[in-house]
Amino acid sequence: GNSVTQMEGPVTLSEEAFLTINCTYTATGYPSLFWYVQYPGEGLQLLLKATKADDKGSNKGFEATYRKETTSFHLEKGSVQVSDSAVYFCALSGRNTGNQFYFGTGTSLTVIP
Amino acid sequence: DTGVSQNPRHKITKRGQNVTFRCDPISEHNRLYWYRQTLGQGPEFLTYFQNEAQLEKSRLLSDRFSAERPKGSFSTLEIQRTEQGDSAMYLCASSATQGSTGELFFGEGSRLTVL
């Protein structure tokens, strides 16, 4: 079946620290992979995506690389800011998922000044 | 582009009552999704429309849940005979047909509280 597993939270970091949020997936075929972010009081919004193996998605200083050999799509940022405090969701979708999106459970990040 | 709009934003109801949520997707998007999200969990797929056709429905979805998208534009999600376990955030999302890489655009959700 299709599923996404994210590292447990919550994660608390000091400003300018390095961030990694782990995400691994199980899927039939070759799905597209996504990171969505949910800021407090707002809806989910796309942060970045990658559509095939070895692609790197990037946005707002965040990066994630589609690793087929390890079925992973870990999210990284070199220097987090207070404004990055949010819940981050890893997700997959593709033709073999019937165009459904499968989401992880989310990882809450709090960045303190 | 006004984004995906959902209403009401919050509904409090007594057990056994029926509730209906409405979703207005981004106008040019032909795909519309309903998800449910509970505290500490990611969005859980409920159902999906392409234009007015309901193409997929989660096996986890009770018969008390029904969704429609009669003209391929807005959609409604009705829950009959609500139970306390139905308390959750109901999310609507839309996307354009872009093969398997289409981004989902989410509304802010409709929070249901069943007393």
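Our structure's up above, just so we're on the same page.
Conventions we followed
Residues numbered from 1 in each chain as written. Chains lettered and ligands numbered in written order. Predicted model: local features only at pLDDT ≥ 70, side-chain atom pairs only at ≥ 80, totals over all residues. Heavy atoms only, no water. Helix = DSSP H or I, 4+ residues; strand = E, 2+ residues; numbered from the N terminus. Rg over C-alpha atoms; globule rule 2.2 N^0.38 Å. Buried < 20%, exposed > 50% of the residue type's maximum accessible area, 1.4 Å probe, protein only. Contact = heavy atoms within 4.5 Å. Areas by Shrake-Rupley, 256 points an atom, 1.4 Å probe, with all protein chains shown as cover. Lys, Arg positive; Asp, Glu negative; His and termini not counted. Charge placed at Lys NZ, Arg CZ, Asp CG, Glu CD. Core = buried A, V, L, I, M, F, W, Y, C linked by side-chain atoms within 4.5 Å. Pairing = 2+ DSSP bridges.

S.K.: Where do I start with the overall build of chain A in this structure?
M.R.: When its secondary structure is counted, chain A shows zero helices and 12 strands. Counting from the amino terminus, chain A carries its helices and strands in the arrangement β-β-β-β-β-β-β-β-β-β-β-β. Relative to the compact-globule value of 13 Å for 113 residues, chain A shows a C-alpha radius of gyration of 13 Å, a close match. For chain A, the spread of C-alpha atoms along the principal axes amounts to about 45 × 25 × 20 Å. Counting the 113 residues in chain A, one finds 48% classified as buried. Of all intrachain contacts in chain A linking residues separated by at least 6 positions in sequence, the fraction that spans at least 24 positions is 55%. In the form shown here, chain A has an accessible surface area of approximately 5100 Å², with 47% of it arising from carbon and sulfur atoms. Taken as two groups, the 8 positive and 10 negative side-chain charges of chain A have centres that lie 11 Å from each other.

S.K.: Sorry, what's going on with the nonpolar core here?
M.R.: A general trend in soluble globular proteins is that nonpolar side chains are found buried together. In terms of nonpolar packing, the biggest core is built from 26 residues, with Trp35(A), Leu47(A), Leu48(A), Phe73(A), Leu75(A) and Tyr88(A) touching the most fellow members. If you list the elements that add at least two residues to this core, you get β2 (11-14), β3 (19-21), β4 (23-26), β5 (32-38), β6 (45-50), β8 (62-65), β10 (86-93) and β12 (107-112) of chain A. The element that contributes the greatest number of residues to this core is β10(A), accounting for four residues. Every residue in contact with Leu75(A), bar those within four places of it in the chain, is listed here: Leu19(A), Thr20(A), Ile21(A), Trp35(A), Leu47(A), Leu48(A), Phe62(A), Glu63(A), Ala64(A) and Tyr88(A). With 19 residues, the next largest nonpolar core counts Val4(B), Leu77(B), Ile79(B) and Tyr90(B) among its residues.

S.K.: Would you mind going over unusual backbone geometry with me for this structure?
M.R.: Trans is the prevailing form of peptide bonds, just as negative phi is the prevailing case for residues other than glycine. Note the cis peptide between Gly9(A) and Pro10(A), where omega equals -10°. With respect to the helices, strands and loops of the structure, Pro10(A) is situated in the loop between β1 (3-6) and β2. Cis geometry is adopted by the peptide bond preceding Pro8(B), which originates at Asn7(B) and carries an omega value of -5°. Inspection of the secondary structure puts Pro8(B) in the loop between β1 (5-7) and β2 (10-13). One non-glycine residue, Lys60(A), lies in positive phi territory at about 55°. Within the secondary structure layout, Lys60(A) lies in the loop between β7 (56-59) and β8. One non-glycine residue with positive phi stands out, namely Thr71(A), at about 40°. Structurally, the position occupied by Thr71(A) is in the loop between β8 and β9 (75-77).

S.K.: How should the environment of Val87(A) be read in this particular structure?
M.R.: Residue and element names in this part refer to chain A. For Val87, the position within the fold is in strand β10. Classification of Val87 as partly exposed rests on a relative accessible area of 25%. As for Val87 and Ala64, which are separated by 23 residues in sequence, their C-alpha atoms are 16 Å apart. Those residues within four positions of Val87 in sequence are excluded, and the remaining contacts are Tyr36, Val37, Gln38, Gly106, Thr107 and Ser108.

S.K.: Explain the pairing of β7(A) here, please?
M.R.: Note on strand geometry: in a regular strand, side chains alternate between the two faces of the sheet. Residue and element names in this part refer to chain A. Across four bridges, the pairing between β7 and β8 is antiparallel. Bridging from a neighbouring strand, Ser58 pairs with Glu63 of β8. Hairpin geometry of β7 and β8 is characterised by an intervening segment of two residues between the two adjacent antiparallel strands and by a positive phi of about 55° at Lys60.

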